[in-house]
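# Tertiary structure, described
Each chain is listed here by its residues.
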Amino acid sequence: MPTPRLNRRDALVGLAAAGTVLAAGAGGLAEASGWLNTRRLTSSRFADRFEQVYGRHNGFRRNHAKGVAATGTFTSSGAGAALSSASVFAPGTFPVTARFSLGGTVPDAADQPGAVRGLGLMLQLPRGEQWRTAMINLPVFPDSTPQGFFDRLLAGKPDPATGQPVPSVMKAFLAEHPETAAAMKVIKASPPSSGFADSTFHGLNAFIATNSAGTSVPIRWSAVPMDPPGVSAPGGHDYLFDGLVERMHRGPVSWRLVLTVADPGDPTHDATLPWPPGRRTVDAGVITLDAVRTEAAGNARDVNFDPLVLPDGLSPSDDPLPQARSAVYARSFERRTREPKSPSEVDVEKVKT
Amino acid sequence: MTTEAPPAAPAKFTLTSRLLHWSMAAMVIGQFFLGATMVAALAYYPLLLAIHRVLGIVILVFAVVRLVNRLRHHPPAFLTTMGPLERKVATWSERMMYALLVLQPLVGWALVSASDVPVTLVGPVHLPGIAPHGIAVYAVLRTAHTVLAYLLFASFTAHICAVVFHTVGLRDGLLRRMTIRPWR
């Protein structure tokens, strides 16, 4: 057995070697976590940006903060099975947890006709599978990349003096982002419907559907309302949500789940680009929501509508947005689940029926 | 020419223990930096998460195998270069690392279960949930996962620093008890 023999030189060498290990570990951790490069776009910085622009609202989602919970079913026609072997497209009826929301980070913002409307769905499928999707009522997404969205958020930050975005800042942003300017034109060309129940909700991002023969094809999906178009009547602070609650008290509300199939060459990497009209569509089934509830523990309030929770048979495409959405939604979920909760603005019990 | 008699080769851990030790070391260090990168990442988040889940389960299996192996085989005696206090610290840090290596993957598995997301591994293969659904449970487990990760990182770093100090400073051949190839 060697006996301890530690002179000053050996001690210094030993300490230096141990210090090197320590520095390598700490440096590796700092680099991995993005602490060294403050310009790297991380999920934390993305979540921070929502808080920076519109303030932090404890317990609520960092975006689409205002919402209401719903439940219902999806009845699959079986027609989607030709495109994808996913269990959701086999004939059957599956339970659905849904959430209607308004874009923006202020949980008690007043409803505006032009505010982005969201529909999040979580479908419970056989063998423990799920399909989660978060759709909005815009025909295309305004940004093609996470960085574009991140920068647009800041460009759209309201000026404290006027409460409105600074026009010159947004103009400069659009000059640098022609894809967003073009998407805005497409969005302007399809004005919003009167309310939630007659809104078409679009998945926007392209996903790859693979059928049982192993054939893959890019698809996008939409929920197309079965309610006829209503007459827009902007009124109270929560008129969109109140209208939805009143509508659902009269009976279930349904949407057809329509899959749009890309032709070869259609862009899958860029959600700002619509696919040309006339693409093949498949009616995969009907989403029927028959109960609406105030957001509360255990209902849609507590669901992270992560667009990458997919059944086997659906997979991401080269569109960069779903990956970033998954990361930022997870960060938002991680933050809001720890924060103190307060009641949601939309209280279903208080809506006159 | 005088040659110093080479110190007697210290007793080694069993080959199984050594193989388990090094494979675990590689996986856990990889998993820690993977996790830190993942929680900051945007584009690579889903890919890293998919690897993180599978690797976590592999680490859990290895941790249980190691625990059984450790209970069945006594490690070689401490070197005389380690004083009583250092031995005590080494004993307890070893116990803590074993506990963390079993606990941390279980907490990860449980937090995914609590968030009500399917515990997907590869393709349609997934594991059952092991925690009740609910965001309060999730929040506690998610925080615990971070705290345990830093604890593991700290104990790993301290362990490596101590072995390096022994090997490079004291030159007592401590590392040779664990090496696979008997070099030098």
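Up top you'll find the structure we're talking about.
What comes next concerns the included structure. (Residues numbered from 1 in each chain as written. Chains lettered and ligands numbered in written order. Predicted model: local features only at pLDDT ≥ 70, side-chain atom pairs only at ≥ 80, totals over all residues.)

### Let's talk about the overall build of chain B
For the record, the criterion: Secondary structure elements follow DSSP: runs of H or I no shorter than four residues count as helices, runs of E no shorter than two count as strands, and numbering proceeds from the N terminus. With C-beta atoms placed from the backbone, a residue is labelled by how many other C-beta atoms lie within 10 Å of its own: buried for 20 or more, exposed for 12 or fewer, partly exposed between the two.
For chain B, the count of helices and strands is 4 helices and 2 strands. Starting at the N terminus and ending at the C terminus, chain B contains elements arranged as α-α-α-β-β-α. For chain B, the C-alpha atoms occupy an extent of roughly 70 × 30 × 30 Å along the three principal directions. Per-residue burial over chain B gives 29% buried out of 184 residues.

### Notes on the overall build of chain A
Operational definition: A pair of residues counts as a contact when their C-beta atoms, built from backbone coordinates, are separated by no more than 7 Å.
Scanning chain A for helices and strands turns up 7 helices and 10 strands. Projecting the C-alpha coordinates of chain A onto the three principal axes gives extents of approximately 90 × 60 × 45 Å. Counting the 353 residues in chain A, one finds 46% classified as buried. Long-range pairs, those at least 24 residues apart, make up 75% of the contacts in chain A between residues at least 6 apart in sequence.

### Re the interface of chain A and chain B
Threshold: For this scheme, ten residues count as nonpolar: Ala, Val, Leu, Ile, Met, Phe, Trp, Tyr, Cys and Pro. Four count as charged, namely Asp, Glu, Lys and Arg, and the remainder, Gly too, count as polar.
Every contact between the two is made by 41 residues of chain A and, on the other side, 38 residues of chain B. Where the side of chain A that touches chain B is concerned, the elements lending two or more residues are helix H1 (8-32), helix H2 (43-54) and helix H7 (321-338) of chain A. By residue number, the principal contributor to the side of chain A that touches chain B is H1 of chain A, which donates 13 residues. Residues belonging to the side of chain A that touches chain B are distributed by class as follows: 20 nonpolar, 15 polar and 6 charged.

### A short note on the packing of H2 of chain A against H7 of chain A
Packed helices, taken two at a time, are described by the angle their axes make and the gap between the axes. Residue and element names in this part refer to chain A. Selection criterion: The axes used here are C-alpha line fits, helices contributing only the stretch in contact, and every angle between their N-to-C directions lies in the interval 0 to 180 degrees. Orientation is classified from the angle alone, with under 35 degrees giving roughly parallel, over 145 giving roughly antiparallel, 65 to 115 giving roughly perpendicular, and any other angle giving oblique. Put simply, a crossing is left-handed when the front helix is turned counterclockwise from the back one by less than a right angle, and right-handed when it is turned clockwise.
It is at 9 Å that the axes of H2 and H7 come closest, and there the two elements cross at 70°. Classed by the angle they form, the pair H2 and H7 counts as roughly perpendicular. Seen from above, H2 lies across H7 with right-handed handedness. On the side of H2, the interface is formed by Ser43, Ser44, Phe46 and Ala47, while H7 contributes Ala327, Val328, Ala330, Arg331, Ser332 and Arg335. Of the residues belonging to the contact of H2 with H7, the class tally is 5 nonpolar, 3 polar and 2 charged.

### Comments concerning helix H1 (residues 15-40) of chain B
As a reminder of what qualifies: To estimate how far a helix should reach, multiply one less than its number of residues by 1.5 Å.
Between the first and last C-alpha of H1 of chain B there are 38 Å, a value that for 26 residues agrees with the 38 Å anticipated at 1.5 Å per step. Within H1 of chain B the residues assigned to the buried category are Val28, Gln31, Phe32, Gly35, Ala36, Thr37, Met38, Val39 and Ala40 of chain B.

### Remarks on the environment of Leu308 of chain A
Relative to the assigned elements, Leu308 of chain A resides in the loop between strand E9 (281-293) and strand E10 (314-316). With 10 residues separating them along the chain, Leu308 of chain A and Gly298 of chain A place their C-alpha atoms 21 Å apart. Beyond its immediate stretch of four places on either side in the chain, Leu308 of chain A contacts Pro316, Pro322 and Ser326 of chain A together with Pro46 of chain B.

### Things to note about helix H5 (residues 178-188) of chain A
Residue and element names in this part refer to chain A. Quick reminder of the rule: Relevant arc is that of directions from the helix axis to the C-beta atoms, nothing else.
Those residues of H5 that fall on the buried side of the exposure criterion are Thr180, Ala183 and Ile187. Down the axis of H5, the buried side of the element spans an arc of 60°, and every buried residue falls inside it. Facing away from the buried side of H5, by more than 90 degrees, are the exposed residues Pro178, Lys185 and Lys188.

### A look at the pairing of strand E1 (residues 66-76) of chain A
Residues and elements named next belong to chain A. To keep it simple, the criterion reads: Here a strand pair is declared whenever DSSP counts at least two bridges between the two strands.
For E1, a buried count of 9 out of 11 residues is recorded, marking the element as mostly surrounded by other parts of the structure. By the bridge criterion, 11 bridges tie E1 to strand E2 (residues 92-102) in an arrangement that is antiparallel. Bridging across to E2, Lys66 finds its partner in Leu102. Across 8 bridges, E1 lies against E9 in antiparallel orientation. Bridging across to E9, Thr71 finds its partner in Ala291.

### Things to note about the packing of helix H3 (residues 146-155) of chain A against helix H4 (residues 167-176) of chain A
Residues and elements named next belong to chain A. Where H3 contacts H4, the axes come no closer than 9 Å and their chain directions differ by 160°. Considering their axes alone, H3 and H4 lie roughly antiparallel with respect to each other. Crossing of H3 over H4 shows right-handed handedness. Within the contact between the two elements, H3 uses Asp151, Arg152 and Ala155 and H4 uses Val169, Met170 and Phe173. Grouping the constituent residues of the contact of H3 with H4 by class yields 4 nonpolar, no polar and 2 charged.

### Some details on the environment of Leu100 of chain B
All names here are of chain B. Mapped onto the elements, Leu100 comes out in helix H3 (residues 84-114). In sequence terms Leu100 and Leu148 are 48 residues apart; their C-alpha atoms lie 7.0 Å from each other. When residues no more than four places from it in sequence are discounted, the contact partners of Leu100 are Leu148, Leu151, Leu152 and Ser155.

### Quick look at the pairing of strand E8 (residues 253-261) of chain A
Two faces make up the sheet, and in a regular strand the side chains alternate between them. All names here are of chain A. Inspection of the sheet shows strand E7 (residues 216-225) paired to E8 by 7 bridges, in the antiparallel sense. Paired with Ala223 across the bridge in E8 is Leu257. Sheet analysis places E8 next to E9, joined by 8 bridges and oriented antiparallel. Along E9, the bridge assignment pairs Arg256 with Val286.

### Brief notes about unusual backbone geometry
The residue Leu204 of chain A is not glycine, and still its phi comes out positive at about 65°. Within the secondary structure layout, Leu204 of chain A lies in the loop between strand E5 (201-202) and strand E6 (207-210). Take Leu204 of chain A: there are 22 C-beta atoms within 10 Å of it, and that puts it in the buried class. With a phi close to 70°, Asp116 of chain B is a non-glycine residue in the positive phi region. Structurally, Asp116 of chain B is set in the loop between H3 and strand E1 (119-120).

### As for the environment of Ala139 of chain B
If you trace the backbone, Ala139 of chain B turns up in helix H4 (residues 135-170). The spacing of Ala139 of chain B and Leu175 of chain B is 36 residues in sequence and 40 Å in space, taken between C-alpha atoms. Excluding anything up to four places from it in sequence, Ala139 of chain B contacts Thr337 and Arg338 of chain A.

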